[in-house]
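Tertiary structure, described
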Amino acid sequence: MASRRTPLPRLNPIALAALCLGHPIAFAQTTAVNPAAQSTPAADASQPQALQEIVVTSERQSSRQLKAPLAVSVISGSDIQQKGATTFQQVLQSVPALIIQKPDDTEQGGPPVIAIRGLGADSTGTQPATAIYEDGVLVTGSNSFFYDLSRVEVLRGPQGTLYGQGATGGAVNVIHKDPTHDFGVDTQLEIGNYNNLHTTVAVNTPVTDSLAMRFAVNQVKHDGYNSNGYGAADLINTRLTGLFEPNKNLSVLFGGVYFHSKNRGEIETPLKADGSISSNLYQPDPAGGSKALDYSRYFANVRYNAGPFQITWIPAVQDNQLDLNAYGGPGIQVGGKTDRTHTEEFRISNAPDSNIKWVAGVYYLDNKNHNVFHGGFPIDYATRTYTPLLINVDQAEHRTATAVFGETTIPLSSDVRMTAGLRQQKTSISYQESDVNFGAPTNYDVNLNYNRSDYRIRLDADLDKNSLVYGSVSTAARPGGVGANGTKFGPEGVTAIEAGYKTKMADGRVQLSLSAYNYDYSGFQSPVPVVDPNNPGAIVGWTVSVIPAKFRGLEMELAAKLTKDDVLTFAPAWEQAEYTQNYTISPNGPVPALVTVYSKGKTPPHVPKWSLSSSFAHTFHIDNGDKVVASLSGKYQSQQYNTLDSSLYGTAADAAGTVTPNPAYVTKAYALFDGLLTYARGDGDWSVSGYVRNMTNTHYKLNVIPGAAGLVARTNDPRTFGVIVSKQF
């Protein structure tokens, strides 16, 4: 089973109760539950057994999930594999307060854009608010598909000290399976509607007593979800890793990743006059468009045990290339982007069993990207006649960042601990842009420098051997940058207060987590349009206003082993947010006539007031030791704004600020349901699953952009179904 969605403007108590039935997915701060192997040994096999606990490395050191004093979700690799999930939408659907804004960042050729607790990225030029890491490396390219995984960890809340700038919303850690010294082959074949064919093969082999290798390949191909072929997939991922362990103190993990994708573009469809989207996804752009992505990464993770110290070094180089040709949006677009990123992280920590725990390190990032874009507007879709390429943009940016950081945890008593962390980071940006827009040439050369210190102070205490309570105050930031037409924007900063409680009860059969948070943004980066001074009717790009805002929320997560064969998860979340000041825009270019937008007291985008994820799974045992697992999952999300636009808040023409929001920028409440039925051999060497994702074929808006004939919505995937066969050798 996997992820998808369903519109529901109102949800009565009966519908809310129905959402409690679902698939056992690992929810934040609870536990990753795999229906095929979901419990630890118990004395009496007829009685419910304890839920499995997972070891996480979210704070750069290993700890049990229920003993980690922060909001962290874990989705197990076995659960992801069983569902056949490959995309961020499918894998992260169950995580509370998380919204996928873009499945992958098509315009920039970067990783998916994710909002956690309302903190996302709505404009080009800004760093992500959610940092995505793969095996310890910050991902800057479009390698956005999951396969051959150990687990995925999602950290909710600002991670300014250990993860740095670009993690104001949180961080996602994708952790693959490492090579082992046992030979084995894992295979998976998925066949589904839209001519979906998905294959994964992973081969693990020992080479010598000290060296093991693992090779994995993942291929996905399916037809487009739109009527003209948009939303199709034709991609391949490959990954080769080696693990060299010459002695018990030295471990060197090294490898390379290659990703190639080609299609016509994302799922986009024009909006109706009332802001809704058609149940039959449709995009009127003519055939012939294409998008190609190539991404590679080479990395190492060197770990050395120096006795009282543990040393870690993670160097990596990433290359990313995006090519566009007549791709969707506002008419014909031709161009592309090249991007190279070099990162280094060096950490030193004391022994894991030390009474006082500490970690310190340095981080370096060097990113160079070059973006070339040529655009024109359609005259006649039927004849594929376009105006000349009236927009021509050539942008180059060089960004460097250096940071030093440290964090220590000191016991104040046998049950109480205090953690203090600090990070100092410097960011430099050099930006050049040459434009010829509607015949008017312009050039921009901008240089920016930012220095930032962030901290975290936290207390956590064991109430008993199974219960933990914690509270923290922390800061995080995103640096400023450069928007369209060379417009500068300032940094974003947040001070976060968070408290939480974790416990397990009933001999480990029930796990409960509660969290509450309050964010105070001195400036929240929000996109505003930039209009060509020579053509006031044309938006040529976006810059960013830094608007003060406040966010607050409550989250609960529950996992329960009701019987030895039944597992229930339940995770509601509530969030409220508001801008605390108005902001201004310049509708006729960057110089004249500022217009006030009455955003004060109103809700930013990506903040549904209520969200709920739930799942239920039952295991049927067969006399020969085989089993059948039936599971159902559901997710509900209340109404939210999907894109920042002044029409949501009102301008000087309506000084009272009372305005009916443009329905195009409103994503109505929706609910999603997925089903999965799995037959698994008792020895676990093969299984067969049937799934339905987005059972009710619900379509909702991820975000909205200008199109050739009006606004265009990017939407979620429609209903998909299929069969998955897995075999281990």
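Residues numbered from 1 in each chain as written. Predicted model: local features only at pLDDT ≥ 70, side-chain atom pairs only at ≥ 80, totals over all residues. Heavy atoms only, no water.

This next bit is on the overall build of the protein chain. Scanning the protein chain from terminus to terminus reveals three helices and 42 strands. Looking at the protein chain as a whole, 57% of its 729 residues are labelled buried. Accessible surface computed for the protein chain: about 27,200 Å², of which carbon and sulfur atoms make up 60%. (Helix = DSSP H or I, 4+ residues; strand = E, 2+ residues; numbered from the N terminus. Buried < 20%, exposed > 50% of the residue type's maximum accessible area, 1.4 Å probe, protein only. Areas by Shrake-Rupley, 256 points an atom, 1.4 Å probe, with all protein chains shown as cover.)

Here we take up the sheet that holds strand β7 (residues 137-138). If you trace the five strands from one edge of the open sheet to the other, you get β3-β8-β9-β6-β7, paired in mixed fashion. Each of the sheet's edge strands pairs with one partner strand only, and the pair in question is β3 (72-76) and β7. Alignment of strand β6 (residues 130-134) against strand β9 (residues 170-176), held across five bridges, turns out to be parallel. Bridge assignment links I132 to a residue of β9, and that residue is V172. (Pairing = 2+ DSSP bridges.)

Here we take up the pattern of salt bridges. All chains considered together, the criterion is met by 27 salt bridges. Between D462 and K67 there is a salt bridge, with its nearest N and O atoms 3.2 Å apart. Of the two residues, D462 sits in strand β24 (residues 440-464) while K67 sits in the loop between β2 (63-64) and β3, which places them 395 residues apart along the sequence. The exposure class assigned to K67 is partly exposed, which follows from its relative accessible area of 24%. A salt bridge links D460 to R417; the nearest nitrogen and oxygen atoms lie 2.6 Å apart. Of this pair, D460 sits in strand β24 while R417 sits in strand β23 (residues 416-437), placing them 43 residues apart in sequence. (Salt bridge = Lys/Arg side-chain N within 4 Å of Asp/Glu carboxyl O.)

Let's shift gears to the packing of aromatic side chains. The final tally for this structure, using the stated rule, is eight aromatic pairs. Between Y521 and F551 the ring centres are 5.7 Å apart and the planes differ by 65 degrees, which places this aromatic pair in the edge-to-face class. Placement of the pair is Y521 in strand β29 (residues 510-531) and F551 in strand β30 (residues 539-563), with a sequence separation of 30 residues. Neither Y521 nor F551 differs from the other in exposure class; each is buried. Note that R693 overlies the ring of Y691, its terminal NZ or CZ placed 4.1 Å from the centroid. (Phe/Tyr/Trp six-rings, centres within 6.5 Å; stacked < 30°, edge-to-face > 60°. Lys NZ or Arg CZ within 6 Å of the ring centre and 35° of its normal.)

A full pass over the atoms with the stated rule returns 11 cavities of 30 Å³ or more. Quantified by volume, the second largest cavity comes out at close to 180 Å³. Forming the boundary of the second largest cavity are 18 residues, of which Q81, Y147, D148, Q188 and T200 lie nearest the centre. Mapped by element, the contributors of at least two residues to the lining of the second largest cavity are α2 (77-83), β10 (184-192) and β11 (196-206). Split by residue class, the lining of the second largest cavity holds six nonpolar, nine polar and three charged. (1 Å grid on protein atoms, 1.4 Å probe; cavity = no way out; pocket = protein on both sides within 12 Å on 5 of 7 lines; lining within 4 Å. Points joined across faces, edges and corners; volume = space filled by probe spheres on them. Nonpolar A, V, L, I, M, F, W, Y, C, P; charged D, E, K, R; others polar.)

The next point concerns the layout of surface pockets. Considered as a void within the structure, the second largest pocket measures approximately 910 Å³ in volume. Taken together, 35 residues make up the lining of the second largest pocket; nearest its centre are T57, R60, N301, R303 and R347. Listed by contribution, the elements that provide at least two residues to the lining of the second largest pocket are β6, β9, β13 (233-247), β14 (250-263), β16 (290-305), β17 (309-325) and β18 (333-350).

Our focus in this paragraph is the nonpolar core. Core analysis: the biggest nonpolar cluster contains 28 residues, and L119, Y519, Y521, F524, F551, Y579 and Y649 have the highest contact counts within it. Counting 25 residues, the second-largest nonpolar core is a separate cluster that includes I75, I132, V139 and Y295. (Core = buried A, V, L, I, M, F, W, Y, C linked by side-chain atoms within 4.5 Å.)

Let us now look at unusual backbone geometry. The residue A97 is not glycine, and still its phi comes out positive at about 60 degrees. Along the chain, A97 turns up in the loop between α3 (88-92) and β4 (98-102). For A97, a relative accessible area of 16% corresponds to the buried category. Phi is positive for D135, close to 50 degrees, though the residue is something other than glycine. Within the secondary structure layout, D135 lies in the loop between β6 and β7.

Structurally, S428 can be placed in strand β23. Distance from S428 to G481, taken between C-alpha atoms, is 9.5 Å for residues 53 residues apart in sequence. Leave out the neighbours within four places in its chain, and S428 touches H398, R399, T400, L448 and N449. Of the polar contacts made by the side chain of S428, one reaches the side chain of N449; its length is 2.7 Å. (Contact = heavy atoms within 4.5 Å. Polar contact = N/O pair within 3.5 Å; in protein donor to acceptor, adjacent residues only side chain to side chain.)

Right, let's talk about the pairing of β4 for a bit. Most of β4 is tucked away, with five of its five residues classed as buried. Bridge count between β4 and strand β5 (residues 113-116): four bridges; the pairing is antiparallel. Bridge pairing in β5 places I100 opposite I114.

Let's shift gears to a nonpolar patch on the surface. Side chains of L189, I191, L197, V688, V723 and V725 sit close together on the surface and give an oily, nonpolar patch of about 440 Å² of accessible area. Counting only elements with at least two residues in the nonpolar patch, the list comes to β10 and β42 (720-728). Tracing the chain through its elements places I191 in strand β10. In this structure I191 comes out as partly exposed when scored by relative accessible area, which is 47%. (Patch = residues over 30% accessible without salt bridge, like charges linked within 9 Å, V, L, I, M, F, W, Y side chains within 5 Å.)

A few words on the confidence of the model for the protein chain. Caution is warranted with low-pLDDT regions, since their predicted coordinates should not be read in detail. On average, residues of the protein chain carry a pLDDT of 81, and 78% of them reach 70 or more. This stretch, residues 1-43, has a pLDDT under 50; its non-local contacts, to residues over four places away or in other chains, come to 197 contacts. (pLDDT = per-residue confidence, 0-100.)

Okay, the pairing of strand β34 (residues 610-621) next. Sheet topology places strand β31 (residues 566-579) next to β34; nine bridges connect them, and they run antiparallel. Within the sheet, the bridge partner assigned to L568 lies in β34 and is F616. In this structure, β34 lies alongside strand β35 (residues 627-637), joined through 11 bridges in antiparallel fashion. By the bridge assignment for β35, H621 is matched with K627.

A separate point is the environment of D274. As for its placement among the helices and strands, D274 is situated in the loop between β15 (268-270) and β16. On the basis of relative accessibility, which here comes to 48%, the residue D274 falls in the partly exposed class. Considering only alpha carbons, one finds D274 and A664, 390 residues apart in sequence, at a separation of 7.3 Å. Of note is the side chain of D274, whose polar atom sits 2.6 Å from the side chain of S276.

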